[in-house]
Amino acid sequence: MITQPLRLVVDLNRCQSYGQCVYAAPTVFRFHGEESLEYDYAPDAGARREVERAAVACPVQAITLGGATEPAPVANGDDR
């Protein structure tokens, strides 16, 4: 059975930094600084259960989990 790659979208305008996602899926979500949420938008398929728990735990429903329809962008390290 082939599993479809995961894609996460977090509505950062809706996010209120409650941090429930960080507790539910610490390998995927983390805070940078005091309130700036960072996350892996293309987590490993093995993290699916954690990510699903994080989406359900979000009090403002800011997390959307879906399948990949195109390859994830590749960071080139050029921050100009």
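Structure first, text after, so check above.
Participant: What's the story with the pairing of strand β2 (residues 29-32) in this structure? I'm lost.
Facilitator: The side chains of a regular strand alternate, first on one face of the sheet and then on the other. Pairing between β2 and strand β3 (residues 36-39): 4 bridges, direction antiparallel. Across the sheet, F29 pairs through a bridge with Y39, a residue of β3. In sequence, β2 turns back onto β3 through a hairpin of 3 residues, with G33 there showing a positive phi of about 80°.

Participant: Even after reading the chapter, I still don't get empty space enclosed by the protein, so can you show me in this structure?
Facilitator: It is the rolling of a water-molecule-sized probe over the atoms that shows where space remains empty. Scanning all chains against the criterion turns up 1 cavity of 30 Å³ or more. The volume enclosed by the largest cavity comes to roughly 100 Å³. Lining the largest cavity are 15 residues, with C15, Y18, G19, C21 and C58 sitting closest to its centre. Residues that form the lining of the largest cavity fall into these classes: 11 nonpolar, 4 polar and no charged.

Participant: Can you walk me through the environment of A25 in this structure?
Facilitator: Position of A25 among the secondary structure elements: in the loop between α1 (20-24) and β2. By relative accessible area, A25 is classed as buried at 0%. Each C-alpha atom, one on A25 and one on Y39, is 9.8 Å from the other, the two residues being 14 residues apart in sequence. In this structure A25 touches E50, V51 and A54, once residues within four positions along its chain are discounted.

Each value, and the rule that gives it
- Residues numbered from 1 in each chain as written.
- Predicted model: local features only at pLDDT ≥ 70, side-chain atom pairs only at ≥ 80, totals over all residues.
- Heavy atoms only, no water.
- Pairing = 2+ DSSP bridges.
- Helix = DSSP H or I, 4+ residues; strand = E, 2+ residues; numbered from the N terminus.
- 1 Å grid on protein atoms, 1.4 Å probe; cavity = no way out; pocket = protein on both sides within 12 Å on 5 of 7 lines; lining within 4 Å.
- Points joined across faces, edges and corners; volume = space filled by probe spheres on them.
- Nonpolar A, V, L, I, M, F, W, Y, C, P; charged D, E, K, R; others polar.
- Buried < 20%, exposed > 50% of the residue type's maximum accessible area, 1.4 Å probe, protein only.
- Contact = heavy atoms within 4.5 Å.

Interpretation in functional terms is not warranted from these geometric data alone.
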